[in-house]
Amino acid sequence: MSDCIFCKIVNGDIPSAKVYEDEEVYAFLDLSQVTKGHTLVVPKQHTKNIYETHPQVASNLFARIPKIATAVKEAFGADGVNIVNNNDEAAHQSVFHLHIHVLPRYGQGDGFGLKWEDNSESTTQEQLQETAEKIKEKIS
Ligand code: AMP
C-alpha cells in the first residue's frame, strides 16, 4: 500500500535496521527500542490487522517467530521474550500494517510492562461456559 510506512520499509523506500528477510516476511528493529533488541516482524503482503489477515499469511508470519525470537533472546542474553500483537487503536495499534513485536526481557524495570489481572477467584464455571458459548457462535 503506497501510504503504509511498513510497506515502504519492506520495499526499501525508507531505511530500517533489518534483522531478517525471506520471500514472505521482513523483520527489523522497532525505532522505540522499548527493550534492547525490540524487533518487529511483518508480512510483506499488506494487511491492516489480524482480523483481515488471510490464514496463510498469518501462518507464514508466525512460522518465522520461533527462530527470530530465539535469535533476539540469545543476542543480548535476555531472560525471556514477550510476543505482542496490537489490533485497533483501543489496543494501542498505531501502524496499520500487521506486525508482531518481539520484546526481549531483562527483568523488572526493563522498560516493558503488562497489566494482567487475575479474576480466577471471582469467575465461576457457569460464567466461563457462557462466555465460551458467545465466542463459539462467532467462529465459522
Ligand atoms: P503498534 O503500536 O503496535 O502499532 O506498534 C508500532 C510500532 O512501530 C511502534 O512501536 C513504533 O515505534 C514502530 N515504528 C513506527 N515507525 C517506525 C519505523 N520507521 N521504523 C521502525 N519502527 C517504527
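Looking at an unreviewed UniProt entry, the chain carries the name Histidine triad (HIT) family protein, with the source organism given as Salimicrobium flavidum.

Asker: Quick question: what am I supposed to make of the sheet that holds strand 5 (residues 100–105) here?
Answerer: Adjacent strands of a sheet form backbone hydrogen bonds with each other and so pair up, either parallel or antiparallel. Ordered in space as 1-2-3-5-4, the 5 strands form an open sheet in which the pairing is antiparallel. With one partner strand each, in any of the chains shown, strand 1 (18–21) and strand 4 (80–84) form the two edges of the open sheet. Put simply, the sheet's adjacent strands are angled 20° from each other on average, direction ignored. On the sheet, helix 3 (residues 65–75) packs against strand 1, strand 2 (25–29), strand 3 (39–43), strand 4 and strand 5 and is oriented at approximately 140° with respect to strand 4.

Asker: Where do I start with the site of the ligand in this structure?
Answerer: The full set close to the ligand counts 16 residues, and D30, H92, S94, H99 and H101 are the nearest of them. At 2.5 Å from an oxygen atom of the ligand is found a side-chain nitrogen or oxygen belonging to D30. Note that an oxygen atom of the ligand is positioned 2.9 Å from one of the side-chain N or O atoms of N86. Here the ligand loses 82% of its free accessible area of 500 Å² to cover by the protein chains. Of all elements in the fold, only helix 1 (5–10) and strand 2 reach the threshold of two or more residues within the shell around the ligand. If one sorts the elements of the shell around the ligand by residue count, helix 1 sits on top with 3 residues. Class assignment of the residues belonging to the shell around the ligand gives a composition of 8 nonpolar, 7 polar and 1 charged.

Asker: It is not clear to me how the side chain of R105 should be interpreted in this structure. Could you clarify?
Answerer: Examined against the element boundaries, R105 turns out to sit in strand 5. There is a polar contact of 2.8 Å between the side chain of R105 and the side chain of D110.

Asker: Is there a simple way to think about the pattern of salt bridges in this case?
Answerer: Two side chains with opposite charge may pair up if their charged atoms get near one another. Taken as a whole and judged by the stated rule, the model has 7 salt bridges. Note that K18 is salt-bridged to E21, the shortest N-O span being 2.7 Å. Note that K115 is salt-bridged to E117, the shortest N-O span being 2.7 Å. Owing to a relative accessible area of 55%, E117 belongs among the exposed residues under this scheme. In this structure, a network of salt bridges that share partners links the residues K18, E21 and K44.

Scoring rules and cut-offs
Each chain has its residues counted from 1, running along the sequence as written. Where totals are concerned, whole chains, interfaces and linings use all residues; where local detail is concerned, this predicted model gives features only for residues with pLDDT of at least 70, and gives and counts side-chain atom pairs only at 80 or more. For the side-chain quantities, the full set of heavy atoms in the structure was used; hydrogens and water were omitted. Two strands pair under a simple rule: DSSP has to find at least two bridges between them. Comment: elements are numbered from the N terminus, with helices defined as DSSP H or I runs of at least four residues and strands as E runs of at least two. Convention adopted: a line fitted to C-alpha atoms gives each axis, helices being fitted over their contacting stretch, and angles between N-to-C directions are expressed from 0 to 180 degrees. Note on definitions: a residue-residue contact is assigned when non-hydrogen atoms from the two residues lie within 4.5 Å. To be near a molecule or strand, a residue needs just one of its heavy atoms within 4 Å of it. Distance and chemistry together define a polar contact, namely a pair of N or O atoms within 3.5 Å, with one atom able to donate a hydrogen and the other to accept it when in protein, and with adjacent residues in sequence counting only for side-chain atoms on both sides. Here the Shrake-Rupley method, with its probe set to 1.4 Å, supplies the accessible areas, and only the displayed protein chains count as covering residues. Each residue receives one of three labels: charged for Asp, Glu, Lys and Arg, nonpolar for Ala, Val, Leu, Ile, Met, Phe, Trp, Tyr, Cys and Pro, and polar for the others, Gly being one of them. We define a salt bridge as a contact between a side-chain nitrogen of Lys or Arg and a carboxyl oxygen of Asp or Glu at a distance within 4 Å. Using a 1.4 Å probe on the protein chains alone, a residue whose accessible area is under 20% of its type maximum counts as buried, one over 50% counts as exposed, and one in between counts as partly exposed.

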